[in-house]
Amino acid sequence: MRNILLATAALTVIAAPAMAQSIPNPQWQGSIGYTQLDGSDGDLGAVTGRIGAKFNRYIGAEGEASFGVRDDDFTVAGVEGKLKHEYDAAIYGVGTLPINDNFELFGRVGYGTTKIKAEIPGVSATNDGESVNYGAGANYFFDGQNGVRGDWTRRDFRDDGGEVDTYGVSYIRRF
């Protein structure tokens, strides 16, 4: 965790002189894709949408929202139940390292909220938590506007709520 945060901070410091080369207006992009949530209590899947703005080639921000589409079955004391991903939302600061016009690496740090629901026959319980999120990924644009995104993000929940790793693949479009 510390190494990723330090690498993201270093990327931001290295990119600071480039702020003079800022884009006149923010460059907007959006994505939609699938995110796999791998936690100690179960594996869940979600559809994730993002909207982001790049203020220059190296610095930007993005917001995301996910809604569960894949539940996980569990058994407690011989009783079967379901674990459901209700939703999550987060906002991030993003540092980008352009490799060429079509390929870029990025690191991101942000804050989010997640809601999970567990159901067994006759009983259901929900739990939500706030988390500090950090991760890395890459974007590859086929034609300068349309591309694919792959990313990994760790959600480190507050108040000893544990950690969840997410892995995502998305279609991305620059506006």
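One can find the structure itself at the top, above this paragraph.
For the structure given in this document, a descriptive report is provided here. (Residues numbered from 1 in each chain as written. Predicted model: local features only at pLDDT ≥ 70, side-chain atom pairs only at ≥ 80, totals over all residues. Heavy atoms only, no water.)

Moving on to the side chain of Asn56. Here Asn56 shows up in the loop between β2 (42-54) and β3 (59-70). Residue class for Asn56 comes out buried when judged on its relative accessible area of 3%. In this structure the side chain of Asn56 is engaged in a polar contact, spanning 2.6 Å, whose partner is the backbone nitrogen of Tyr58. At 2.9 Å, the side chain of Asn56 and the backbone nitrogen of Ile59 are in polar contact. (Helix = DSSP H or I, 4+ residues; strand = E, 2+ residues; numbered from the N terminus. Buried < 20%, exposed > 50% of the residue type's maximum accessible area, 1.4 Å probe, protein only. Polar contact = N/O pair within 3.5 Å; in protein donor to acceptor, adjacent residues only side chain to side chain.)

On to the nonpolar core, then. Core analysis: the biggest nonpolar cluster contains six residues, these being Leu37, Leu44, Ala46, Leu83, Phe157 and Val164. Among all residues touching Leu44, those that are not within four sequence positions of it are Thr35, Gln36, Leu37, Arg70, Asp71, Asp72, Leu83, Lys84, His85 and Ile116. (Core = buried A, V, L, I, M, F, W, Y, C linked by side-chain atoms within 4.5 Å. Contact = heavy atoms within 4.5 Å.)

In the structure shown here, the tally under the stated rule is two aromatic pairs. Measuring from ring centre to ring centre gives 6.2 Å for Tyr134 and Trp152, while their planes differ by 75°; the resulting arrangement is edge-to-face. Of the two residues, Tyr134 sits in strand β7 (residues 123-141) while Trp152 sits in strand β8 (residues 146-157), which places them 18 residues apart along the sequence. Directly above the aromatic system of Tyr92 lies the positively charged group of Arg108, at a separation of 3.8 Å from the ring centroid. Across the ring face of Phe141, the terminal group of Arg174 is positioned such that the distance to the ring centre comes to 3.6 Å. (Phe/Tyr/Trp six-rings, centres within 6.5 Å; stacked < 30°, edge-to-face > 60°. Lys NZ or Arg CZ within 6 Å of the ring centre and 35° of its normal.)

Note that β7 and β8 share 11 bridges and pair antiparallel. Across the sheet, Tyr134 pairs through a bridge with Arg154, a residue of β8. Between β7 and β8, which pair antiparallel one after the other, the connecting turn spans four residues, and Gly144 there sits at a positive phi close to 90°. Taken together, the 11 bridges between β8 and strand β9 (residues 163-174) define a ladder with antiparallel strand orientation. Counted as the bridge partner of Val148 is Tyr171 from β9. Taken together, β8 and the strand that follows it, β9, pair antiparallel across an intervening segment of five residues, in which Asp159 is found at a positive phi of about 55°. (Pairing = 2+ DSSP bridges.)

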